[in-house]
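Single-letter residue listing:
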Amino acid sequence: MTALAHGVGSRTDLPIPIGFALYGAGAAILISFAVLLLFWRTPHLGGVASGRPLPRGLQRVVDGAVFRRGLQAVALAGAVLVTVVAVAGPRDTAANLAPWVLYVTFWVGLVPASLLLGPVWRIANPLRLLHRVLRVVLPAPPGALRLPALGLWPAAVSLLAFLWLELVHPSRSEPATVAVFLVGYAVVHLALAAWFGEEWFARGEGFEVYSALVARLSPWGRRDDGRLVLRSPMSNALATPEMPGLPAVVVVLLGSTAFDGMSRTVFWQTGPGAANDIPSGTLGLAVMVALVAGLYLLGTRLSGRLADQPESIQPRRYAATVIPIVLGYTVAHYFSLLVLDGQTTWILASNPFRSPGVDLFGTYGNVVELTAVGPDAIALVQVGAIIAGHVLGVTLAHERALLSARRARASDQLPLVIVMVLFTIGGLGLLFGF
Amino acid sequence: MPVAPTRRRRALAGLAVAAVCLLPGCAGRAPVPTSESSGSSSAAPPTDAASRTAQGQRIEVQVAGDQVTGDTGRVTVAAGTQVTLVITSDVADEAHLHGYDIEKELTPGEPAEMTFDATIPGVFEVELHEAGTVLLTLQVS
């Protein structure tokens, strides 16, 4: 069984109405200029030292070993169960829990979970628990000193590998493929963590970095003195460390979602992607990531040149301001997958091995309700998410420019704003299915 | 929103594409209107390839070797229409309409029919299970 575009699923969204696309594009352009010309002229948001501290007792629990190892053990048990189901469960994708958990409930669900609760996968990452166990017999990590220089580049590679599997590989939805991926992913990252040390997970494990990145738009942050704080998501986003490789992570996420959108269009399905094979998919994914990367580098560097800022630092400096745009794209493309096809997980989890008479949660007899959310509501969420992401992104970039130069001119910010407008209009165009 | 006449819709679509194609690297290719089905066969008639009858809409595809002809590509159907999907294959296989989750055994040379009410909006694949070929995508709106 193959699936349209993303890892697994029975349906994709209808093209959004042309009116939605045009009004959305108009709104994006208008709002951008309003932000540039009318918004505050001096830095406005709190920095890394801002935020209202959470009670110390709560922080002790959340940062405590018992809480973290406990959640990691629960996540490990879940991951082992899913892997066993992938290996030994029903061979038909429609009846096997594993692809639905990996591509829908986990990968898509990680976004709302991180947005509401903070970097959940950093806390519950089961690979961290396995690494702790292995560390008893392992020598000191030989490569630990070389890790900081790599920045977040390893995470960009890790995410790109998963996204290639999810969006390109023809047998991505087969339970056997999911089993190979899960085991392979764990082995590779445990080996790299053995070499680079536990810090590897925060820099190279794609899911953890993704969760932490989305959590930058949650109200939960960590102050520069280590205290857990409640603060405005916008301040939280701007407090993202400007690590090397951060732009690569953001660009990979945005480019891959754009490819997912393109692969749903008639243009792609009857044109360059008609073969629906590895070469065409790989090329399409590479082109979309390269296109996003090229535009982003152009916009940030040009803005830097106009403002007399060192150009090479610009992409890293503004990467966090693109996170809301990434999030907008993600919600627009995967919201319906989570609420509609995501129901499958809860049905199959009730009887993972299709054993007669087993119905753990009483949901096994349910059928997926594909009309639970209507096409109008889906289209509104899609356009709303893209526009909201755009507004936040442009506003963050404005603030970032003011932080770099107190008297930053609006015209200096124009190149990056134009690139953001292009991302947004491009995103709307993909939803319209041009 | 009110349903605009097809021609105006396409003009607007063209405008939107023009706007979007400000993106450098945007493939310089005319949009394929969603109401048309285009197939590997040059004989596939445009737009109303899927014939609309008083009872509903009939969609026909033929599979011969690696070639799929007839109403392939994106076929649009108004929500609520009764659809009859006729598939003729030269090899034994099983056709699957995703979403509606209808499966039909195919016997070589014999037209197999699926009849259903298109009540679930969205875009759905019709796929051959064995060969993995996507015969068409059904757009119910």
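Model, not experiment: these values are computed from the prediction. (Residues numbered from 1 in each chain as written. Chains lettered and ligands numbered in written order. Predicted model: local features only at pLDDT ≥ 70, side-chain atom pairs only at ≥ 80, totals over all residues.)

1. Some thoughts on the overall build of chain A
The number of helices and strands found in chain A is 21 helices and three strands. For 434 residues, the compact-globule estimate of 2.2 N^0.38 gives 22 Å, and chain A sits close to it at 22 Å. Dimensions of chain A, computed from the C-alpha atoms along their principal axes, are close to 70 × 55 × 40 Å. With 434 residues in all, chain A has 52% of them scored as buried. (Helix = DSSP H or I, 4+ residues; strand = E, 2+ residues; numbered from the N terminus. Rg over C-alpha atoms; globule rule 2.2 N^0.38 Å. Buried ≥ 20, exposed ≤ 12 C-beta atoms within 10 Å, placed from the backbone.)

2. Considerations on the environment of Leu38(A)
In this fold, Leu38(A) is placed in helix α1 (residues 18-38). As for Leu38(A) and Ala410(A), which are separated by 372 residues in sequence, their C-alpha atoms are 9.8 Å apart.

3. Points about the packing of helix α9 (residues 153-167) of chain A against helix α12 (residues 206-215) of chain A
All names here are of chain A. Closest axis-to-axis distance for the α9/α12 pair is 8 Å, and the angle between their directions is 105°. Accordingly, the angle class assigned to the pair α9 and α12 is roughly perpendicular. Together, Ala155, Ser158, Leu159 and Phe162 of α9 and Gly206, Val209 and Tyr210 of α12 make up the contact between the two elements. Split into classes, the residues belonging to the contact of α9 with α12 amount to five nonpolar, two polar and no charged. (Axes fitted to C-alpha atoms, helices over the stretch in contact; angles between N-to-C directions. Parallel < 35°, antiparallel > 145°, perpendicular 65-115°, else oblique. Contact = placed C-beta atoms within 7 Å. Nonpolar A, V, L, I, M, F, W, Y, C, P; charged D, E, K, R; others polar.)

4. Describing the pairing of strand β3 (residues 67-70) of chain B
Residues and elements named next belong to chain B. Here β3 shows a buried face lined by Val68 and Gly70 and an unburied face lined by Gln67 and Thr69. In terms of strand pairing, strand β2 (residues 57-64) meets β3 through four bridges, oriented antiparallel. Counterpart to valine 63 in the pairing with β3 is valine 68. Taking the residues between adjacent antiparallel strands as the criterion, β2 and β3 are bridged by two residues, where glycine 65 takes a positive phi near 60°. (Pairing = 2+ DSSP bridges.)

5. Some thoughts on the confidence of the model for chain B
Should pLDDT be low for a region, the predicted coordinates there are not to be read in detail. All names here are of chain B. Averaged over every residue, the pLDDT of chain B is 73; residues scoring 70 or more account for 61%. The least confident element of chain B is helix α1 (residues 6-20), whose mean pLDDT is 42; the most confident is strand β5 (residues 82-89), at 96. Low pLDDT, under 50, characterises residues 1-49; the predicted model gives this stretch 76 contacts beyond four residues in sequence or across chains. Scoring of the predicted complex yields 0.87 for pTM and 0.88 for ipTM. (pLDDT = per-residue confidence, 0-100.)

6. Points about unusual backbone geometry
Phi is mostly negative for residues that are not glycine, and the peptide bonds are mostly trans. Located in the positive-phi region is Arg354(A), a residue other than glycine, with phi close to 50°. Inspection of the secondary structure assignment puts Arg354(A) in the loop between α19 (343-348) and α20 (375-404). Phi at Asp101(B) takes a positive value of approximately 55°, unusual for a residue other than glycine. Mapped onto the elements of the fold, Asp101(B) is located in the loop between β6 (93-97) and β7 (102-106). Taking the number of C-beta atoms within 10 Å as the measure of exposure, Asp101(B) has 14 and is therefore partly exposed.

7. Some remarks on the pairing of strand β4 (residues 73-77) of chain B
All names here are of chain B. Counting buried residues in β4 gives four out of five residues, a clear majority hidden from the surface. Of the pairings in the sheet, the one linking β4 to strand β10 (residues 134-140) comprises five bridges and is parallel in character. Residue pairing across strands places glycine 73 opposite leucine 136, the latter belonging to β10.

8. Re the sheet that holds β10(B)
All names here are of chain B. A sheet is described by the order of its strands in space; here five strands give the open sequence β4-β10-β9-β6-β7, paired in mixed fashion. The open sheet has two edge strands with one neighbour each: β4 and β7. Each strand axis lies, on average, 20° off the axis of its neighbour in the sheet, ignoring direction. Note: β6 against strand β9 (residues 122-128), three bridges, orientation antiparallel.

9. Things to note about the packing of helix α14 (residues 246-263) of chain A against helix α16 (residues 278-306) of chain A
Residue and element names in this part refer to chain A. Their axes nearest at 8 Å, the elements α14 and α16 cross at an angle of 130°. Relative to α16, the element α14 lies oblique. In this structure, α14 crosses over α16, and the sense of that crossing is right-handed. Contact with α14, carried on its side by Pro247, Val251, Val252, Leu254, Gly255, Ser256, Ala258, Phe259, Met262 and Ser263, involves Gly284, Leu285, Met288, Val289, Leu291, Val292, Ala293 and Tyr296 of α16 and no other residues of that element. Taken together, the residues of the contact of α14 with α16 break down into 14 nonpolar, four polar and no charged. (Left-handed = near helix turned anticlockwise from the far one by under 90°.)

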